[in-house]
Amino acid sequence: MLKLLAAGATALVVTLSQPAFAQAPSTMGPASLSPQNLADLTDARVAIVKAVLQLTSDQEKYWPAVADAIRVRAQNRNARIARIAETVGKMSNESTSDILRDRDPIAFLDRRADALAQRSQDLKKLADAWRPLYATLSAEQKQRLASLTLFALHQMGNAVEH
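The following paragraphs examine the structure supplied in this document. (Residues numbered from 1 in each chain as written. Predicted model: local features only at pLDDT ≥ 70, side-chain atom pairs only at ≥ 80, totals over all residues. Heavy atoms only, no water.)

A contiguous nonpolar surface patch, about 260 Å² in accessible area, is contributed by I84, V88 and M91. Residue position: I84 is located in helix α4 (residues 63–91). (Patch = residues over 30% accessible without salt bridge, like charges linked within 9 Å, V, L, I, M, F, W, Y side chains within 5 Å. Areas by Shrake-Rupley, 256 points an atom, 1.4 Å probe, with all protein chains shown as cover. Salt bridge = Lys/Arg side-chain N within 4 Å of Asp/Glu carboxyl O. Helix = DSSP H or I, 4+ residues; strand = E, 2+ residues; numbered from the N terminus.)

Laid out in structure tokens, this is it:
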């Protein structure tokens, strides 16, 4: 079990780390990756979770719904990031005083509310997809999933700091 967890953790680090270290930090992130690269990254993450769980044949029937929910959530997240990058790109040609003068706080609140509503829907669908599978997991599988989750959260925290 320890070897499997170590392999999964290593694969997760590779998938969460920056895709090309030679590039400048300003060009890094999901907004700079192609849609196919983002889909491949999501597929790798899905495969890691599935490999760490070591599903039984009875549990396999629940996995497609979980994988689909993960992929839909990732697609929606990538679309939000692309919209933000587009907005920031448009503002990069403006001076700070122009940006502050022309800002519309109500439009910002509307956009933020829409984004949060979409995230809420995605998380609810993910929870609904996980529920039947999680109910069938053994204590060991739940422990591996919890360890992987904690590791991923730690790695994301480190990425945010950088």
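Scanning the model with the defined rule gives five salt bridges in all. For K50, the salt bridge identified is with E60, shortest N-O distance 3.2 Å. Of the two residues, K50 is situated in helix α2 (residues 35–53) and E60 in helix α3 (residues 57–60); the sequence distance between them amounts to ten residues. Among the residues examined, E60 registers a relative accessible area of 31% and is labelled partly exposed. (Buried < 20%, exposed > 50% of the residue type's maximum accessible area, 1.4 Å probe, protein only.)

Our next topic: the side chain of Q59. Mapped onto the elements of the fold, Q59 is located in helix α3. For Q59, a relative accessible area of 4% puts it in the buried group. Dropping the residues within four chain positions of it, Q59 is found in contact with Q54, L133, T136, L137, S138 and Q141. (Contact = heavy atoms within 4.5 Å.)

Located in the positive-phi region is Q54, a residue other than glycine, with phi close to 50 degrees. Locating Q54 in the fold gives a position in the loop between α2 and α3. In this structure Q54 comes out as partly exposed when scored by relative accessible area, which is 44%.

So, about the packing of α2 against α4. Where α2 contacts α4, the two axes come as close as 10 Å, and the packing angle between them is 145 degrees. α2 and α4 meet at a crossing whose hand is right-handed. Between α2, through L38, T42, D43, R45, V46, V49, K50 and L53, and α4, the contact on the second element is made entirely by W63, A67, I70, R71, A74, R77 and N78. Split into classes, the residues belonging to the contact of α2 with α4 amount to eight nonpolar, two polar and five charged. (Axes fitted to C-alpha atoms, helices over the stretch in contact; angles between N-to-C directions. Left-handed = near helix turned anticlockwise from the far one by under 90°. Nonpolar A, V, L, I, M, F, W, Y, C, P; charged D, E, K, R; others polar.)

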